[in-house]
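# Examination of the molecular architecture
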Amino acid sequence: MELRQLSYFVTVADELHFGRAAERLHIVQSAVSQQIRRLERELGAELFDRSPRHVRLTGAGERLLPEARAVLAAAERARAAVAPPAGLRLATSTGLGEHLERVLAEFAVRAPGVPVELVSGRAGERIEQVVDGRADAAFVRSMEPVPGVRIEPLWDDPLVAVLPAGHPLAAGPDVALGDLAGLPLAITARRNNPALVDLVVGACHDAGFEPVPGPVEGSLQDRLATIGAGVARQWTVVYAAHARVLRSPRVAFLPFRAPGLALPTQLALRSGELAPVLDIFLAACRSAAPASAPVSPAAS
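These lines cover the structure that appears in this document, whether it is placed above or below. These numbers come from a predicted model, not from an experiment.

To continue, consider the overall build of the protein. A count of helical and extended segments in the protein gives 10 helices and 11 strands. Expressed as a percentage of the 300 residues in the protein, the buried residues total 43%. For the protein, the share of sequence-separated contacts (at least 6 apart) that also reach a separation of at least 24 residues comes to 75%. With an accessible surface of roughly 15600 Å², the protein has 55% of that area assigned to carbon and sulfur atoms. Of the charged side chains in the protein, 31 are positive and 32 negative; the average position of the first set lies 4 Å away from that of the second.

As a further point, take the pattern of salt bridges. Counted according to the given criterion, the structure contains 20 salt bridges. Across the pair arginine 24 and aspartate 14 runs a salt bridge, and its minimum N-O distance is 3.9 Å. Of this pair, arginine 24 sits in helix α2 (residues 18-25) while aspartate 14 sits in helix α1 (residues 3-15), placing them 10 residues apart in sequence. Judged by relative accessible area, arginine 24 falls into the partly exposed class, the value being 44%. The partly exposed category is assigned to aspartate 14, whose relative accessible area is 37%. The partner of arginine 141 in a salt bridge is aspartate 157, and the shortest N-O contact between them spans 2.9 Å. With arginine 141 in strand β5 (residues 137-141) and aspartate 157 in strand β6 (residues 149-164), the pair connects residues that are 16 residues apart, well separated along the chain. Summarising the burial analysis for this pair, arginine 141 and aspartate 157 share the class buried.

What follows deals with helix α6 (residues 123-131). Those residues of α6 that sit buried are Ala123, Arg126, Ile127, Gln129 and Val130. Axial view of α6: buried residues confined to an arc of 155°, hence all on one face. On its buried side, α6 packs onto β3 (88-92), β4 (116-120), β5, β6 and β11 (262-270). Glycine 133 sits one or two residues past α6 and shows a positive phi near 85°.

Turn by turn, an α-helix covers 3.6 residues, leaving residues three or four places apart pointing in a common direction. In a regular helix each residue adds 1.5 Å, so 13 residues correspond to 18 Å; helix α7 (residues 194-206) covers 18 Å between its end C-alpha atoms and thus fits that length. Those residues of α7 that fall on the buried side of the exposure criterion are Ala195, Leu196, Val197, Val200, Ala203 and Cys204. On its buried face, α7 sits against β5, β6, β7 (184-185), β9 (236-239) and β11. Looking one or two residues beyond α7, the residue adopting positive phi is glycine 208, at roughly 95°.

Applying the stated criterion across every chain, the model contains six aromatic pairs. The interplanar angle of 55° and the centroid separation of 5.5 Å between the aromatic rings of phenylalanine 9 and phenylalanine 48 together place this pair among those described as tilted. Of the two residues, phenylalanine 9 is situated in helix α1 and phenylalanine 48 in strand β1 (residues 48-50); the sequence distance between them amounts to 39 residues. Taken individually, phenylalanine 9 and phenylalanine 48 each receive the classification buried, so the pair is uniform in this respect. With a centroid separation of 6.3 Å and an interplanar angle of 40°, the aromatic rings of phenylalanine 139 and tryptophan 155 are classed as tilted. Here phenylalanine 139, found in strand β5, pairs with tryptophan 155, found in strand β6; they are 16 residues apart in sequence, far enough to count as distant. You can call phenylalanine 139 buried: its relative accessible area is 3%. According to the relative accessible area criterion, tryptophan 155 is buried, its value standing at 1%. The structure contains a cluster of three or more aromatic residues connected by ring pairs, namely Phe107, Phe139, Trp155 and Phe281. Just above the ring of tyrosine 239 sits the side chain of arginine 141; from NZ or CZ to the centre is 3.5 Å.

What counts, and where the lines are drawn
Along each chain, residue indices are assigned from 1 in the same order as the chain's sequence is written. Thresholds applied to this predicted model are a pLDDT of at least 70 for local features of residues and 80 or more for the giving and counting of side-chain atom pairs; totals over whole chains, interfaces and linings are not thresholded and use all residues. The basis for every side-chain value is the complete set of heavy atoms in the structure, and neither hydrogens nor water enter the calculation. Helix and strand definitions here come from DSSP, where helices need a minimum of 4 consecutive H or I residues and strands a minimum of 2 consecutive E residues; each element is numbered from the N-terminal end. Exposure categories follow from relative accessible area, calculated using a 1.4 Å probe and restricted to protein chains: below 20% of the type maximum is buried, above 50% is exposed, and the middle band is partly exposed. Residue contacts are defined here by distance: any two heavy atoms, one from each residue, within 4.5 Å place the two residues in contact. Every accessible area reported is derived by Shrake-Rupley at a probe size of 1.4 Å, with residue values counting cover from the shown protein chains alone. When charges are counted, Lys and Arg contribute as positive and Asp and Glu as negative, whereas His and the chain ends are disregarded. Each charge is placed at NZ for Lys, CZ for Arg, CG for Asp and CD for Glu. In the sections that follow, a salt bridge refers to a side-chain nitrogen of Lys or Arg positioned within 4 Å of a carboxyl oxygen of Asp or Glu. Throughout, the arc means that of the directions going from the helix axis to the C-beta atoms. The span expected for a helix works out to 1.5 Å for each residue beyond the first. Each aromatic pair joins two rings of Phe, Tyr and Trp (for Trp, the six-membered one) with centres within 6.5 Å, and gets the label stacked for planes under 30 degrees apart, edge-to-face for over 60, and tilted for any other angle. Lysine NZ or arginine CZ positioned within 6 Å of the ring centre and within 35 degrees of the ring normal marks a charge as sitting over the ring.

Written out as structure tokens, the structure is:
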């Protein structure tokens, strides 16, 4: 007796039709009939009452059906016991800083042994990765609804200003946005991170000035190196959680004076029912959220 034969038997018993059973199994009907006949010969009993008008279980078939289901379920549990755990492919960005470390540590506690693969990309690319299945989930910020994507609010992420360590403003505990009006703003191009650029530029307008354009090309590390070198006095912004893991003694990280600047961090998932591993990951994100930075109702 083979597991394949029992699987075919259960499928025919569910459908009570050899043709429909074959369609479900993605094989030809003759192969189903052949395996059922072989099973019947091994057991020495007819399992189906066949006629041109109907297919019905015999008494022997009715007695075998629950046992066959139990055997198949046990076989599936055996496979699951030795199968490697399903991994999680997560689209992320460097700006998460210590938040990502906390989330991954919490997830490891809740789902030990489940591997996590991190992939990076610009904000729009991370959403595309979720939509087309290249990523199971993605961290995003201030993301508008996208068809086929579910957005879950997590926490608010404050921004800090980055200045040369030797700049007079760097000596203070914080900085007012208006004090930066005369310095070029070195920030990424808007196409790379529209939510961040719109927030910072909009806040500058609210403070009464148009930011002086600075360089937009290069990586964040390039911008920090340029600012720290003092070749040209510039400023930029980074997320506070990222600033706490950066090691750059030539620059100063200053919080903005109240009310400050912050962007909501969210988790993007494909719409529909979540796989168990994603439910666990979402719970880990919420458990690891900083107590001082809960997501605001407006951000959700």
